[in-house]
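For reference, the chains in residue letters:
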Amino acid sequence: QPDPKAMLDISSEEKGILIPRLTTAQRDAMGGGVQSLLLYNTDTKCFEFWESGNWHELGCATIAWSCGDEVSDVEGNTYSTVQIGTQCWFAENLITTTYRGGASIGTDFSGTIGAYDCSGDVGFCTNYGPKYNWYATQGTGDNSICPEGWSVATNDQWTTMENYLIANGYNYDGTTGGGQMKVGKSMASTSGWTSSATTGAVGNTDYPTYRNKSEFTGLPGGWRNFSTGAFELKEDRGYWWSSHASF
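To start, this report covers the structure provided alongside it.

Quick notes on the rules
- Residues numbered from 1 in each chain as written.
- Predicted model: local features only at pLDDT ≥ 70, side-chain atom pairs only at ≥ 80, totals over all residues.
- Heavy atoms only, no water.
- Disulfide = S-S within 2.5 Å.
- Helix = DSSP H or I, 4+ residues; strand = E, 2+ residues; numbered from the N terminus.
- Buried < 20%, exposed > 50% of the residue type's maximum accessible area, 1.4 Å probe, protein only.

### As for the state of the cysteines
Thought 1: Counted by the stated rule, this structure contains three disulfides.
Thought 2: Across the disulfide from cysteine 46 sits cysteine 60; the S-S distance is 2.0 Å. Judged by the torsion about the S-S bond (105°), the cysteine 46/cysteine 60 disulfide is right-handed. Taken together, the residues span a long stretch of sequence, with cysteine 46 in strand S3 (residues 46–51) and cysteine 60 in strand S4 (residues 54–60) at a distance of 14 residues.
Thought 3: The exposure class assigned to cysteine 46 is buried, which follows from its relative accessible area of 2%.
Thought 4: On the basis of relative accessible area, cysteine 60 is assigned to the partly exposed category, the value being 38%.
Thought 5: Across the disulfide from cysteine 67 sits cysteine 88; the S-S distance is 2.0 Å. Since a negative S-S torsion denotes a left-handed disulfide, the cysteine 67-cysteine 88 link at about 90° is right-handed. Placement of the pair is cysteine 67 in the loop between S4 and strand S5 (71–72) and cysteine 88 in strand S8 (residues 87–90), with a sequence separation of 21 residues.
Thought 6: According to the relative accessible area criterion, cysteine 88 is partly exposed, its value standing at 25%.

Written out as structure tokens, the structure is:
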């Protein structure tokens, strides 16, 4: 029999009840809630309820994160990760236009503050990520462009990955050693690059088992010309920032 004090009394020995499941962005799009409104936040893995003008956590799952799991940024964008040697790397370019603390990244490249550019093409940002200036990569804490627990790679971190790939058979022909010129194919995405007939080039379909072998999935987003602001070398080259001013 239902409990006499309950408006709704659900009983089952085989099934549970599903609370509405929303991302943080979907939750915020509601524009707030009403007292005691309950939902499950799929980004934070928490039950949340609305009270006194804010969302409050009721209970959260404790899930051990490991490299290979996805990472979410402040906008709710998710990124794949990949283990390369002893390091964990993003396997996708950042696409956020918001700093970790919630402030918008600027778009004015004329000064010495962080900025991004999509070349007037939202699709470019979606596919390749915005072109950030160096100042945008230097922030820490709430001023970082990276999700919590992550940072723009240092020169030493890039070199560590490069050396690992060279020494562990990621050269396009399966050899080891020989410098960095042979590992590009194992770092590059398998599509989107300008076709090339050069042996071992990322745009050549030769050595198919070594194409993106590292799963780094580097994209050919080109660069933003510092002087003119023009986007150049798309589908031909890929560039990534280091947190160091020089190297």
